[in-house]
Amino acid sequence: MEKVREILKAHVGRAYAPYSGFPVVALVEAEGEVFLGVNVENASFPLSQCAERNAVAAMVLAGKRRLERVHIYSPRGPIPPCGGCRQVLLEFGGPEAEVVMHGPEGYEVRSLGELLPLGFKL
Ligand code: THU
């Protein structure tokens, strides 16, 4: 866990969050590999992308489809993923996937099923 926390903290400066001033880093563990994402905002605010979804996109591009765990880091303290990201994470993680919410001082763990008990499925 300490190695993951180092990676998260090392990448928080890569987030592009000039409008909110709220940088976020996500790290997805999938099939023995890790994938990073940061939030990328836009002057047209609704086009902004969350860190979690960018990490999932990197995972899919690498050919992975099953995530076991996602770590989310905010320098302001642990934050839960937004509702839309919970649905995207569920697509590839299922309810048993772990969500680790990190802040500078520590972290909290929940299952994705706890955070999104009634996710949409086709
Ligand atoms: N944000 C994320 O990247 N992930 C979340 O789960 C919550 C929110 C970003 C979006 C926006 O760039 C900033 O945090 C403030 O909402």
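- As recorded in an unreviewed UniProt entry, the protein chain goes by Cytidine deaminase and comes from Thermus tengchongensis.
- According to the UniProt record, the Sequence similarities (unreviewed entry) comment for the protein chain is "Belongs to the cytidine and deoxycytidylate deaminase family."
- Among the UniProt annotations of the protein chain, the heading Cofactor (unreviewed entry) holds the following wording: "Zn(2+)".

### Examining the side chain of Glu29
Step number 1: Position of Glu29 relative to the elements: it lies in strand β1 (residues 25-30).
Step number 2: Residue Glu29 is classed as buried on the basis of its relative accessible area, which comes to 19%.
Step number 3: A polar contact is formed between the side chain of Glu29 and the side chain of His71, at a distance of 2.7 Å.
Step number 4: Other than its neighbours up to four places away in sequence, Glu29 contacts Val34, Leu67, Glu68, Arg69 and His71.

### Quick notes on the packing of helix α2 (residues 51-61) against helix α3 (residues 83-93)
Step number 1: Axis separation between α2 and α3 bottoms out at 9 Å; the angle between their running directions is 25°. When the interaxial angle is binned, α2 and α3 end up roughly parallel. In this structure, the crossing between α2 and α3 has a hand that is left-handed. Residue-level contacts link Glu52, Arg53, Val56, Met59 and Val60 of α2 to Cys85, Val88, Leu89 and Phe92 of α3.
Step number 2: Class assignment of the residues belonging to the contact of α2 with α3 gives a composition of 7 nonpolar, no polar and 2 charged.

### Things to note about the site of the ligand
Step number 1: The environment of the ligand is made up of Ser20, Phe22, Val24, Asn39, Glu41, Cys50, Ala51, Glu52, Pro81 and Cys82.
Step number 2: Between the ligand and Glu41, the relevant distance is 2.5 Å, taken from an oxygen atom to a side-chain nitrogen or oxygen of the residue.
Step number 3: A distance of 2.9 Å separates an oxygen atom of the ligand from a polar atom in the backbone of Ala51.
Step number 4: Protein chains shield 78% of the accessible area of the ligand, which is 370 Å² for the free molecule.
Step number 5: When grouped by side-chain class, the residues that make up the shell around the ligand number 6 nonpolar, 2 polar and 2 charged.

### Brief notes about the pairing of strand β4 (residues 98-102)
Step number 1: Along β4, 4 of the 5 residues are buried, which leaves the element largely enclosed by surrounding structure.
Step number 2: For the handedness criterion, the β-α-β arrangement of strand β3 (residues 69-73), α3 and β4 is classed as right-handed.
Step number 3: Taken together, the 5 bridges between β4 and strand β5 (residues 107-111) define a ladder with antiparallel strand orientation. For Val100, the partnering residue across the bridge sits in β5 and is Val109.
Step number 4: Here β4 folds back onto β5, and the loop between the two strands holds 4 residues.

Parameters and conventions
Residues numbered from 1 in each chain as written. Predicted model: local features only at pLDDT ≥ 70, side-chain atom pairs only at ≥ 80, totals over all residues. Heavy atoms only, no water. UniProt positions renumbered as here; feature names shortened; annotations may be inferred. Helix = DSSP H or I, 4+ residues; strand = E, 2+ residues; numbered from the N terminus. Buried < 20%, exposed > 50% of the residue type's maximum accessible area, 1.4 Å probe, protein only. Polar contact = N/O pair within 3.5 Å; in protein donor to acceptor, adjacent residues only side chain to side chain. Contact = heavy atoms within 4.5 Å. Axes fitted to C-alpha atoms, helices over the stretch in contact; angles between N-to-C directions. Parallel < 35°, antiparallel > 145°, perpendicular 65-115°, else oblique. Left-handed = near helix turned anticlockwise from the far one by under 90°. Nonpolar A, V, L, I, M, F, W, Y, C, P; charged D, E, K, R; others polar. Near = heavy atom within 4 Å. Areas by Shrake-Rupley, 256 points an atom, 1.4 Å probe, with all protein chains shown as cover. Right-handed = clockwise from strand over helix to strand, strands pointing away. Pairing = 2+ DSSP bridges.

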